[in-house]
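Topology and contacts: notes
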Amino acid sequence: MHAWPSPDVPTLPGQGLPLRLHDTSTGEVRPTSPGAEATIYVCGITPYDATHMGHAATYVAFDLVQRVWLDAGHDVHYVQNVTDVDDPLLARALETGDDWVELGDRETQLFREDMTALDVLPPRHYIGAVESIPAVVDYIQKLQTAGAVYDLEGDLYFRVHSDERFGSIANLPEEQMVAVFAERGGDPDRPGKEHPLDCLLWLRERPGDPSWDSPFGRGRPGWHIECSAIALDHLASPIDVQGGGSDLAFPHHEMGAAEAQVATGSWPYARHYTHAGMVRLDGEKMSKSRGNLVFVSRLRAAGTDPVAIRLALLAHHYRGDWDWTDAGLAAAEARLASWRASVAAPAAPPADGVLAAVRAHLADDLDAPGALAAIDRWAEDTRLRSGGPGAEDAAAGSLVRDVAAALLGVRL
Ligand code: 5CA
Ligand code: ZN
């Protein structure tokens, strides 16, 4: 699949800082340790009901990872998938009478347009589940060779405990793993399974469902193996960061990592498992199943500046859960107006400290609110001094403009 066009990323003076990032498996903020090439896989959308503010917040959070690494001189290799065939997508198509391929194409295109409007840097590889079926088949065969697969009425299951470290990413007690697995697409109660947590690798063909030929008969891929196969097809393990929303820590990332570790015979699959908090509306997680969605495209169509949407997202630390509100958007619009007025001033207070502060905040587990506050202080100072004493730097406005564009993806 093609991704979307890249916005300009100005080069900043000096050098960026090494990124420290929260890792769910250890519960710690730890330094990332990429080589010349930094690798990241972020779970992409299942293309229906895109792009809501929860999606947008998650992709903007991982966009900051890419921007901090670029600023620190790394070549960033970012891979993202599109789950363009899976139960929820097929169920939605059935419900609305849409063709599932057209639904997926339409929503993926809308997502690209929203990501472009939000100045999210594109992944280097943007890969659909359907186009990666050969890679999935290959990884299932590797798992078979490792003795980690069994057949149940034509469906293939992964023995999760064939990875001795299974459970060490989300660190949930067994009982909770089973409950969450059931909530998030799993089938712990299916009779005949060797273990309730074993997960589907390949579903044999069902009447009315799309299916593809494979050495295991006609069928389609399971969800978790889709992401591990796509990631390992493009990135060497261990990858530096596996990212997504916190709803993916279990079962998706736990099971994907177990599959990858058994298939490659190496540990770890990822050095960091990093998760963005959930965006809510009126206290409830914004989700397709609840239908309580605020869409990026609707706000854009109503004339909202996408830069203000991005600022409204960045005003919250990526790790916490938070509520999308109209007041939050209004505050972001006011902040944007203030920053734009300040960078347009003919002279302003020097901004080297702003660059250093934004770099330091973002390198510290992507503290975007701290970075915004640093620019707020400079913008306020510029307004108060308005070209008077202490505000004689004619280049400060353009430096702040570059800092905001390069590190925060905020176009002033
Ligand atoms: N296709 C799979 C991942 S392989 C999937 O989870 N798709 S999704 O469309 O449901 O979600 C896309 C991304 O948005 C995931 O990283 C998910 O964790 C994140 N996400 C979904 N809802 C929210 C929310 N309310 N707040 C923050 N992130 C969210
Ligand atoms: Zn995924």
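As the structure is a computational prediction, the values presented were derived from the model and not from experiment.

1. What to know about unusual backbone geometry
Thr51 follows Ala50 through a cis peptide bond whose omega is -15°. As for its placement among the helices and strands, Thr51 is situated in the loop between strand E3 (37-42) and helix H1 (53-71). Here Trp267 and Pro268 are connected by a cis peptide whose omega angle stands at -5°. Locating Pro268 in the fold gives a position in the loop between helix H7 (249-264) and strand E11 (270-276). The phi torsion at Glu153 lies on the positive side, around 50°, for a residue other than glycine. With respect to the secondary-structure elements, Glu153 resides in the loop between strand E6 (149-152) and strand E7 (155-158). Even without being a glycine, Asn171 presents a positive backbone phi close to 55°.

2. As for the packing of aromatic side chains
Given two aromatic rings, one states the distance between the centres and the angle between the planes to describe the pair. On inspection of all chains with the given rule, the structure shows eight aromatic pairs. Arranged with centres 5.7 Å apart and planes meeting at 70°, the rings of Trp202 and Phe216 form a pair that is edge-to-face. Of this pair, Trp202 sits in strand E8 (residues 199-204) while Phe216 sits in the loop between E8 and strand E9 (219-221), and the two are 14 residues apart along the sequence. An identical accessibility class is assigned to Trp202 and Phe216; each is buried. Seen from their ring centres, Trp322 and Trp324 are 6.4 Å apart, and the 45° between their planes marks the pair as tilted. Neither residue differs from the other here; Trp322 and Trp324 are each classed as buried.

3. Some details on the site of ligand 1
The environment of ligand 1 is formed by 24 residues, the closest being Gly44, Thr58, Thr83, Asp247 and Val279. Within the side chain of Thr46, an N or O atom sits 2.8 Å from a nitrogen atom of ligand 1. Contact distances for ligand 1 include 2.7 Å between a nitrogen atom and a side-chain N or O atom of Thr83. If ligand 1 stood free it would expose 600 Å²; the protein chains cover 95% of that surface. Elements that contribute at least two residues to the shell around ligand 1 include exactly H1, helix H6 (223-234) and strand E10 (239-245). It is H1 that provides the largest number of residues to the shell around ligand 1, a total of four residues.

4. Remarks on the sheet that holds E7
In space, the four strands of this open sheet follow the order E6-E7-E8-E9, with antiparallel pairing throughout. Sheet topology places E6 and E9 at the edges, where each strand pairs with a single neighbour. Shown here is a sheet whose adjacent strand axes are inclined to one another by a mean of 25°, direction ignored. Where E7 lies against E8, three bridges are found, and the strand directions are antiparallel.

5. Points about the coordination of the zinc ion (ligand 2)
With distances of 2.1 to 2.2 Å, the protein atoms coordinating the zinc ion (ligand 2) are Cys43 (SG), Cys227 (SG) and His252 (NE2). Considering all four donor atoms around the zinc ion (ligand 2), the spread of angles at the metal, 101 to 119°, places the coordination shape in the tetrahedral class. For His252, a relative accessible area of 2% puts it in the buried group.

6. A few points about the pairing of E7
Burial of E7 is two-sided: the residues Asp155 and Tyr157 facing one way and the residues Leu156 and Phe158 facing the other way are all buried. Two successive antiparallel strands, E6 and E7, enclose a turn made up of two residues, where Glu153 displays a positive phi of approximately 50°.

7. A look at the pattern of salt bridges
This model, assessed by the stated rule, comprises 30 salt bridges. The partner of Arg106 in a salt bridge is Asp98, and the shortest N-O contact between them spans 3.2 Å. As a salt-bridge pair, Arg383 and Glu380 come within 3.0 Å of each other at their nearest N and O atoms. Of this pair, Arg383 and Glu380 both sit in helix H12 (residues 368-385), three residues apart, which is roughly one turn of that helix. Taken together, the shared-partner salt bridges in this structure form one network comprising Glu153, Asp155, Arg190 and Arg206.

8. Describing empty space enclosed by the protein
The final tally for this structure, using the stated rule, is three cavities of 30 Å³ or more. A volume near 120 Å³ is recorded for the largest cavity. Contributing to the lining of the largest cavity are 16 residues, with Ala57, Ala61, Leu313, His316 and Tyr318 lying nearest its centre. Those elements that place two or more of their residues in the lining of the largest cavity are H1 and helix H9 (306-314). Counting residues per element, the lining of the largest cavity draws most heavily on H1, at five residues. Residues that form the lining of the largest cavity fall into these classes: eleven nonpolar, five polar and no charged. Those elements giving two or more residues to the lining of the second largest cavity turn out to be H6 and H7. Split by residue class, the lining of the second largest cavity holds four nonpolar, six polar and no charged.

Reading the values: the criteria
Residues numbered from 1 in each chain as written. Chains lettered and ligands numbered in written order. Predicted model: local features only at pLDDT ≥ 70, side-chain atom pairs only at ≥ 80, totals over all residues. Heavy atoms only, no water. Helix = DSSP H or I, 4+ residues; strand = E, 2+ residues; numbered from the N terminus. Phe/Tyr/Trp six-rings, centres within 6.5 Å; stacked < 30°, edge-to-face > 60°. Buried < 20%, exposed > 50% of the residue type's maximum accessible area, 1.4 Å probe, protein only. Near = heavy atom within 4 Å. Polar contact = N/O pair within 3.5 Å; in protein donor to acceptor, adjacent residues only side chain to side chain. Areas by Shrake-Rupley, 256 points an atom, 1.4 Å probe, with all protein chains shown as cover. Pairing = 2+ DSSP bridges. Axes fitted to C-alpha atoms, helices over the stretch in contact; angles between N-to-C directions. Donors = N, O, S within 2.8 Å, 3.2 Å for Na, K, Ca; no water. Tetrahedral: all angles 85-135°; square planar, octahedral: opposite > 155°, others 65-115°. Salt bridge = Lys/Arg side-chain N within 4 Å of Asp/Glu carboxyl O. 1 Å grid on protein atoms, 1.4 Å probe; cavity = no way out; pocket = protein on both sides within 12 Å on 5 of 7 lines; lining within 4 Å. Points joined across faces, edges and corners; volume = space filled by probe spheres on them. Nonpolar A, V, L, I, M, F, W, Y, C, P; charged D, E, K, R; others polar.

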